[in-house]
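# Geometric and topological summary
Listed here are the chains, written in short residue letters.
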Amino acid sequence: MKQEKTFKIIAVISYLLIILMGDMIGLPFFIWLLFTLVDFGNTDQLFAFLSVIGLTIIFMKLNSTRTLQIVLIDIVCFLLLAAPIVRRLTLVPIEKFNYLAFIIPMVIFVLLYSMSIYFSIKQYLQIQKVAVLRKG
């Protein structure tokens, strides 16, 4: 349980520290999310909202016992967090994302969040195994 939680927290921190390069300076992703949330009429606002919902759910369910519902919520949250990044990658030429301040945090996010989902599934299966043993 501790591994899953640690991986998830580090993944979310690296997600928030992804740098989006602008014309003049780089902008951390969490600032982009905040500004995009209040930029009414922008289609990116929906994706920023989805990401904030995903972040909120992650922190609300962080200490929950791993049930099938929680595992599925973890997977949905990963997709909600990935949505604004995928949106940015499809709007802007891919060459614009060829810098380490984007690549490293992005890779850390994807790998560690995926590992947290793996450990979450593993924990769920262990709980189910113990429940079956108790019944039988």
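Here's what I pulled together on the structure shown here.

Inspection of the entire model under this criterion finds ten aromatic pairs. An aromatic cluster of three or more residues is present, and its members are Y15, F29, W32, F78, F109 and Y113.

Take I85: it is sitting in helix α4 (residues 68-91). A relative accessible area of 3% means that I85 is categorised as buried. A C-alpha to C-alpha distance of 23 Å links I85 and K61, two positions 24 residues apart in sequence.

On to the pattern of salt bridges, then. Scanning the model with the defined rule gives six salt bridges in all. D74 is the salt-bridge partner of R66, the closest N and O atoms lying 2.8 Å from each other. Per residue, the accessibility class of R66 equals that of D74, and both read buried. Here the salt bridges do not stand alone but share partners, grouping E4, K8, R66 and D74 into one network.

Moving on, we get to the nonpolar core. Grouped together as the largest cluster of nonpolar side chains are 25 residues, with contacts concentrated most on Y15, F29, F102, F109 and Y113. Looking at this core, the elements with two or more residues in it are α1 (2-16), α2 (29-37), α3 (44-60), α4 and α5 (100-135). Sorting elements by how many residues they give to this core places α5 first, with seven residues. Filtering out sequence-adjacent residues up to four positions away, Y15 remains in contact with F29, L33, S51, L55, L81, P84, I85 and F109.

About the cut-offs
- Residues numbered from 1 in each chain as written.
- Predicted model: local features only at pLDDT ≥ 70, side-chain atom pairs only at ≥ 80, totals over all residues.
- Heavy atoms only, no water.
- Phe/Tyr/Trp six-rings, centres within 6.5 Å; stacked < 30°, edge-to-face > 60°.
- Helix = DSSP H or I, 4+ residues; strand = E, 2+ residues; numbered from the N terminus.
- Buried < 20%, exposed > 50% of the residue type's maximum accessible area, 1.4 Å probe, protein only.
- Salt bridge = Lys/Arg side-chain N within 4 Å of Asp/Glu carboxyl O.
- Core = buried A, V, L, I, M, F, W, Y, C linked by side-chain atoms within 4.5 Å.
- Contact = heavy atoms within 4.5 Å.

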